[in-house]
Amino acid sequence: MNADTVRSVLLLILSVGGSFAAFTFVQRFMAPPAEERSPIGDISDMEGREVSVFSKLEGSKSFWDKLDLFFAKQLGQEKKLEETYMLLGRPTNTDPLKMLHLKLIMGAALPLGFYALSQSPLTLIFAPLGFMLPDAGLYAGRIRARQEDIIRNFPTFVDLGALMIESGLDYMTAFDRIVKIAPVKTGLELEIERTINEVQLGYSRRDALRRLSMRTGLQEVRSFVGLIVQSDELGTSLVELLRNYSGDMRFRRLNRAEKLAAQASTKMLIPLFIFIFPTVFILMLAPMIMDLVTGGAMPF
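Since we're looking at a predicted model, the values are computed, not measured.

(A) Summary view of the pattern of salt bridges. The full count for this structure, using the stated rule, is 16 salt bridges. Here Lys 80 makes a salt bridge to Asp 135, at a shortest N to O gap of 3.6 Å. On the criterion of sequence distance, the pair formed by Lys 80 in helix α3 (residues 78-87) and Asp 135 in helix α5 (residues 127-152) is long-range, its members being 55 residues apart. Using a relative accessible area of 37% as the deciding quantity, one classes Lys 80 as partly exposed. On the basis of relative accessible area, Asp 135 is assigned to the buried category, the value being 16%. Of the charged contacts, one joins Lys 103 and Asp 135 as a salt bridge, the two residues approaching to 2.4 Å between their closest N and O atoms. Residue Lys 103 is located in helix α4 (residues 96-118), and its partner Asp 135 is located in helix α5; the two are separated by 32 residues in the primary sequence. When its relative accessible area of 0% is taken as the criterion, Lys 103 is described as buried. A single salt-bridge network, built from bridges that share partners, covers Arg 146, Glu 191, Arg 194, Glu 198, Arg 211 and Arg 215.

Below you can see the structure in the form of C-alpha cells.
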C-alpha cells in the first residue's frame, strides 16, 4: 500500500469523523431550548410505565447493541427516534433501531458515493446530509399523510361523539361505539381504539387521552383532549363544547380551502410561463422565421 493510498484512507476517516462531530456539536449546543409543554400534552407521569427500545440495550453484552446505543446517545437520537416512531403510528415493519440503522447507512452511503465519483475527501461533508435524509424524505412525508388521514374525518367523529353523549352514553362508551360501527377503520379510528384499549389495560382516562394527543401530533386533537379534561375537572357540559369545537374545525377547514383556492391561480402561472406561452410563441412565429431563413417574402 503506497503513501497516496494511506493518505486517502486517513483523509476519508478524518472527514467522516469530523462531519459527524460537527453535526453532533450543532445539534447539541446550537439547538433551540425545549418548549414548555402544556399540562394537557404533558405525559411525564407516564414515563415510568413506558419502556424505551434503547433502554433495553443498556446492560447488553452484545457488541452491536452497545454500538447502537453509543450512536443513539452521541447523536442525540434516542427521544427523537422514539417520537418519530410514535408519530408514524408504531408500524410493525420498523422500529427505532431500524430507523437508526437506516440513518447511519444513508449517512455513510451518500458521502461514499460522491467520493467514489469525484475522489475528493471534501465530498464527505455530505455525511450529515445523508444522516438527515430519511427524516426529511421518508418519515416526514409518512407522518404528514397519516395526520391528514386522521384530521379528515375528525369533525364528523366529534359530531357523532356529541350526539351519542347527548343520548346518555359516557364519552368513552360513545367513542367505543363509533369505532365499532365504522365501516372502514381509518387512522383516527385506530388511534381511538388504541386509547380505549389503554383504558381497559389500566391507564387512567386522562393519561390515555394525553397519549392520544401525543401520538397524533395534531393541535386539533390536543384541543379536543383539553376540552374533555376541562369538562371532567369543571363539570361543564361536554356536548355543547364538542358541538362548538366541531363547528370551529369545519370553519377553519373552509377557510384553509378558500386560501388554497386563492393560491391556485398564482401557482398556475409557473406551468403557464414554462409550457404554454413558449408553445404559443413557437406556433405564431415559426412561419415568419421559416420565411426569413429561406429568403422568402414576409407574410405581411
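(B) Molecular detail of α4. An ideal rise of 1.5 Å per residue puts 33 Å on 23 residues; α4 measures up with 33 Å between its terminal C-alpha atoms. Two or three places before Leu 97, at the start of α4, stands the capping residue Asp 95, its side-chain oxygen 2.9 Å from that residue's backbone nitrogen. Immediately downstream of α4, the backbone of Gln 119 shows phi near 60 degrees, a positive value.

(C) Inspection of the nonpolar core at higher detail. Counting 30 residues, the largest nonpolar core has Phe 154, Phe 157, Tyr 171, Phe 175, Ile 192 and Phe 224 as the members making the most contacts within it. Sequence-distant contacts of Tyr 171, that is, excluding residues within four places in its chain, are made with Ile 165, Arg 205, Leu 209, Ile 228, Asp 232 and Leu 238. Core analysis: the next-biggest nonpolar cluster, separate from the first, contains 16 residues, Ala 72, Leu 81, Leu 88 and Phe 131 among them.

(D) Quick peek at the packing of helix α8 (residues 187-200) against helix α9 (residues 205-216). Here α8 crosses α9 at 150 degrees, and the two axes come no closer than 9 Å. Judged by the angle between their axes, α8 and α9 are roughly antiparallel. For the pair α8 and α9, the sense of crossing is right-handed. Only Arg 205, Ala 208, Leu 209, Arg 211, Leu 212, Arg 215 and Thr 216 of α9 make contact with α8, whose side of the interface consists of Glu 191, Ile 192, Arg 194, Thr 195, Glu 198 and Val 199. Taken together, the residues of the contact of α8 with α9 sort by class into 5 nonpolar, 2 polar and 6 charged.

(E) Up close: the packing of helix α10 (residues 219-234) against helix α11 (residues 238-267). Where α10 meets α11, the axes come as close as 10 Å, and the angle between the chain directions of the two elements is 165 degrees. Classified by the angle between their axes, α10 and α11 sit roughly antiparallel to one another. In the packing of α10 onto α11, the handedness of the crossing is right-handed. Seen from α10, the contacting residues are Gln 219, Glu 220, Val 221, Ser 223, Phe 224, Leu 227, Ile 228 and Ser 231; seen from α11, they are Leu 238, Leu 241, Leu 242, Tyr 245, Met 249 and Arg 252.

(F) Quick peek at unusual backbone geometry. Its identity is not glycine, yet Arg 90 carries a phi of approximately 50 degrees, on the positive side. With respect to the element layout, Arg 90 can be found in the loop between α3 and α4.

Conventions used here
- Residues numbered from 1 in each chain as written.
- Predicted model: local features only at pLDDT ≥ 70, side-chain atom pairs only at ≥ 80, totals over all residues.
- Heavy atoms only, no water.
- Salt bridge = Lys/Arg side-chain N within 4 Å of Asp/Glu carboxyl O.
- Helix = DSSP H or I, 4+ residues; strand = E, 2+ residues; numbered from the N terminus.
- Buried < 20%, exposed > 50% of the residue type's maximum accessible area, 1.4 Å probe, protein only.
- Expected span 1.5 Å × (residues − 1).
- Polar contact = N/O pair within 3.5 Å; in protein donor to acceptor, adjacent residues only side chain to side chain.
- Core = buried A, V, L, I, M, F, W, Y, C linked by side-chain atoms within 4.5 Å.
- Contact = heavy atoms within 4.5 Å.
- Axes fitted to C-alpha atoms, helices over the stretch in contact; angles between N-to-C directions.
- Parallel < 35°, antiparallel > 145°, perpendicular 65-115°, else oblique.
- Left-handed = near helix turned anticlockwise from the far one by under 90°.
- Nonpolar A, V, L, I, M, F, W, Y, C, P; charged D, E, K, R; others polar.

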